[in-house]
Amino acid sequence: MGDPGRSAAGGRRLTVVVGVSGGIAAYKAVQVVRGLVVLGHDVHVVPTEAALRFVGLPTFEAISRNPVHPSVWDDVAQVRHVALGRAADVIVVVPATAHTLAKIAHGLSDDLLGTTILSSAAPLVVAPAMHSEMWAAAATVANMDLLRGRGVVVVGPDDGPLTGGDSGPGRLADPDEILAATLAAVVPAAREEARVRDLAGRVVVVTAGGTREPLDPVRFLGNRSSGRQGVALARAAARRGATVTLVAAHLDDDVRRDAVGDDGVSLVEVGSALELREAVVAAAAGADVVVMAAAVADYRPVEVSEAKIKKDDTGDELVLRLVRTPDVLAELSATRRPGQVVVGFASETVTDRDELLELGRRKLARKGCDLLVVNPVGWATGFGSPDTVVLVLGADGAVVGEVAGTKQQAAEVVLDAALAVRAAGALAR
Ligand code: CTP
């Protein structure tokens, strides 16, 4: 069995999370785990409490060759669900009971499997198994539609003998088929296809990077924004089908390369806060969603010297006179047309969640935007890093999204929230 599995996954040793929920078919999950281990992959089993009533924890540990911590309360210091979710190349839930499918569809996360799935951007494969009536129930059908719509790969169920002498659709698919589907989900092309194009036909404008306010021909006042979060947002929106304009100020080189290399993103480069304002106001006129991820200077020098400022002229102390720049986000929020969603960002140097929420809510009220993405930053955290922690606040200050993960994951959650605001607005009209 070695070669097909390896080549389907591009020959890499994969980290695979195998979620097991509580159905009689749980014993067949052992076969999937064993197959993955034989192929050389690193397998972490996350059973639900009910699964452990069917198959014992030592079996999963022995077969996976990794420790199994079934509870969110184990290994707390390691934030296990986030670590597992991030490390996973693919997650497969085998068997997936009606209950577990419902939980995944609705983002419920009251156990390690739920939190791991929510923390992960990896492809998700589910292998349902249940009685035919449960599979055909309206709630299950609706939940499966939701999952398929999000690009979740569904394997089976097969039609055949079920527990208790019944027969019909609901039998777990063949373990080898589940294993093959799990590995195929990792192939990048297959992964792209599975992504939802829920922003098709929409126009999205994103600002990124940090403005620089010139002092003289060689100096400026700037900030440490790399542009990574804004570029991740622009690229995610393009992947989801939107027409995207990225208004970018001084992106880091590697981030700029990513933006330039993405055909789905039109790049408009600007330097100062005033230039950014002009570009984004023009682009926003036709936009459905505007995301102000750029770090825009709040002040600029009153005067810009035509010639380099010389120490001989300024002496031991130099006092700069600064003037406020226009608040672009507040302006966009005040002038937005019906249906347009305006999203702001707030980087704050506090780490306490309540304090962060409090600052965010005050800023939200000041700016008047539909969503505010709040994230803690410091000397060593936030800027330039591929990872981030964000809380997304709705217009009423409620937390509508939360991510501790990559900036790409944060981007997807912000876009999901923007779409939810649009949908709610459409319903209200
Ligand atoms: N922003 C803007 N125009 C400015 C300054 C900021 O549009 N002149 C936008 C940023 O792009 C971001 C949001 O406003 O989306 C938050 O910026 P921030 O500087 O944190 O907000 P301020 O109102 O300037 O609050 P603070 O006093 O914390 O700096």
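Keep in mind that what you see is a predicted model, and the values were worked out from it rather than measured. (Residues numbered from 1 in each chain as written. Predicted model: local features only at pLDDT ≥ 70, side-chain atom pairs only at ≥ 80, totals over all residues. Heavy atoms only, no water.)

Concerning the sheet that holds strand S1 (residues 15-20)
- Within the open sheet, the five strands sit side by side as S2-S1-S3-S4-S5. Their pairing is parallel. Each edge of the open sheet is held by one strand with a lone partner, namely strand S2 (42-47) and strand S5 (153-154).
- Pairing of strand S3 (residues 90-96) with strand S4 (residues 124-128), which is carried by four bridges, proceeds in the parallel orientation. Counterpart to Val-93 in the pairing with S4 is Val-126.
- Where helix H2 (residues 26-38) meets the sheet, its contacts fall on S1, S2 and S3, and the angle it forms with S1 comes to roughly 175°.
- On the sheet, helix H10 (residues 175-184) packs against S1, S3 and S4 and is oriented at approximately 155° with respect to S3. (Pairing = 2+ DSSP bridges. Helix = DSSP H or I, 4+ residues; strand = E, 2+ residues; numbered from the N terminus. Contact = heavy atoms within 4.5 Å. Axes fitted to C-alpha atoms, helices over the stretch in contact; angles between N-to-C directions.)

Thoughts on a nonpolar patch on the surface
- A cluster of nonpolar side chains, namely Tyr-299, Leu-318, Leu-320 and Leu-322, defines an oily patch on the protein surface of about 360 Å² accessible area.
- Looking at the secondary structure, you find Tyr-299 in strand S14 (residues 299-301). (Patch = residues over 30% accessible without salt bridge, like charges linked within 9 Å, V, L, I, M, F, W, Y side chains within 5 Å. Areas by Shrake-Rupley, 256 points an atom, 1.4 Å probe, with all protein chains shown as cover. Salt bridge = Lys/Arg side-chain N within 4 Å of Asp/Glu carboxyl O.)

A closer look at the pattern of salt bridges
- For the structure shown, the criterion picks out 17 salt bridges.
- A salt bridge links Arg-239 to Glu-412; its shortest N-O distance comes to 3.1 Å. Taken as a pair, Arg-239 in helix H12 (residues 228-239) and Glu-412 in helix H18 (residues 407-428) lie far apart in primary sequence, 173 residues in all.
- By relative accessible area, which is 22% here, Arg-239 ends up partly exposed.
- Between Arg-422 and Asp-288 there is a salt bridge, and its shortest N-O distance comes to 3.4 Å. Residue Arg-422 is found in helix H18, and its partner Asp-288 is found in the loop between helix H14 (273-284) and strand S13 (289-292); the two are separated by 134 residues along the sequence. Of the two residues, Arg-422 and Asp-288, neither departs from the other in class, the shared state being buried.
- In this structure, a network of salt bridges that share partners links the residues Asp-198, Arg-239, Arg-240, Glu-412 and Asp-416. (Buried < 20%, exposed > 50% of the residue type's maximum accessible area, 1.4 Å probe, protein only.)

Nothing here speaks to function; it is geometry throughout.
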